[in-house]
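Structure at a glance
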Amino acid sequence: MKKAAIAGILAAAAALAVAANGQDWDGKAKRLEEEFRLAKTSSVYLVVDAGAKTVSLRIRGLTLKTWPVSNIRSWGRPIGIKSLKVEKRTGWSAEDRVNLTPGRKPEKKRKDKKPKDIGDDVLEIDDMPAKYGFILETNARLDIRPRAKGLFNRSAYALGGLGRSIGRSVRLIWSVIKKREFSNIQVTVPTKKTAQEIFWAVPEGTGILFF
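Just so it is clear, the structure is predicted and the values come from calculations on it, not from any experiment. (Residues numbered from 1 in each chain as written. Predicted model: local features only at pLDDT ≥ 70, side-chain atom pairs only at ≥ 80, totals over all residues. Heavy atoms only, no water.)

Before going further, it helps to spend a moment on unusual backbone geometry. Positive phi outside glycine occurs at lysine 53, with the angle close to 55°. With a phi close to 65°, asparagine 139 is a non-glycine residue in the positive phi region. Note on placement: asparagine 139 falls in the loop between strand S6 (132-136) and strand S7 (140-146). (Helix = DSSP H or I, 4+ residues; strand = E, 2+ residues; numbered from the N terminus.)

Let's shift gears to the side chain of aspartate 143. Relative to the helices and strands, aspartate 143 resides in strand S7. In terms of polar contacts, aspartate 143 uses its side chain to reach the side chain of arginine 141, at 2.6 Å. For aspartate 143, the residues in contact, after removing those within four places along its chain, are Tyr132, Gly133, Asn184, Ile185, Gln186 and Val187. (Polar contact = N/O pair within 3.5 Å; in protein donor to acceptor, adjacent residues only side chain to side chain. Contact = heavy atoms within 4.5 Å.)

This brings us to the pairing of strand S3 (residues 62-68). Pairing analysis gives 6 bridges linking strand S2 (residues 54-59) to S3, with the strands arranged antiparallel. Paired with isoleucine 59 across the bridge in S3 is leucine 62. (Pairing = 2+ DSSP bridges.)

Okay, helix H5 (residues 192-201) next. Of all 10 residues in H5, 7 are buried; the element is thus mostly enclosed. Turning to H5, its buried residues number three or more, namely Thr194, Ala195, Gln196, Glu197, Ile198, Phe199 and Ala201. (Buried < 20%, exposed > 50% of the residue type's maximum accessible area, 1.4 Å probe, protein only.)

Another aspect to go through is the nonpolar core. With 27 residues, the main nonpolar core has Phe134, Leu136, Leu142, Val187, Ile198, Ile208 and Phe210 as its most contacted residues. If you list the elements that add at least two residues to this core, you get strand S1 (44-49), S2, strand S5 (82-90), S6, S7, strand S8 (183-189), H5 and strand S9 (207-210). If you tally residues by element for this core, the top one is H5, at 4 residues. Within the second largest apolar cluster, 6 residues are counted, among which are Leu38, Tyr45, Leu209 and Phe211. (Core = buried A, V, L, I, M, F, W, Y, C linked by side-chain atoms within 4.5 Å.)

Take a look at the structure:
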């Protein structure tokens, strides 16, 4: 599988070289360099392709699944072509999970007197949040939201957007005061199910490549 991944990336490099023909070759080379670094490991990684409006789950250069994207917006310092690691996921409570590490007994939940049975706490995709954020390295953040449908939901989303805008402004000002970088990307996907599948597929520690 590793050989196939490397062959796939090399083939992509050749295709890009042919297609470049006066385009930004430096950017394409950077993209291949970043993905090759992620593909050398045995871990899955996420690729956010702003140009193609897709989000892809990959391993060793092979695409496992691709989701369409409705819209991508960004604030603060542009991330550019870069891979960043997920340091924390927001949108759900760690207290709602049980440790399912092989060879270890399920952890107790707070206020519980005994461990829960694993079968009682195996989470399905439908249990995943649809609105959440990935806190990344360098003070960057990736927010995932499903597209609002219906007049009521669109109105509520617009009102909520005002609060989110204020929050981003506060974080931006604070980052300037602290002399820290601030980058926020929001990806809107077509359905709630799509958002839940992405959350399910991207645990903490996953690399995310932006280009």
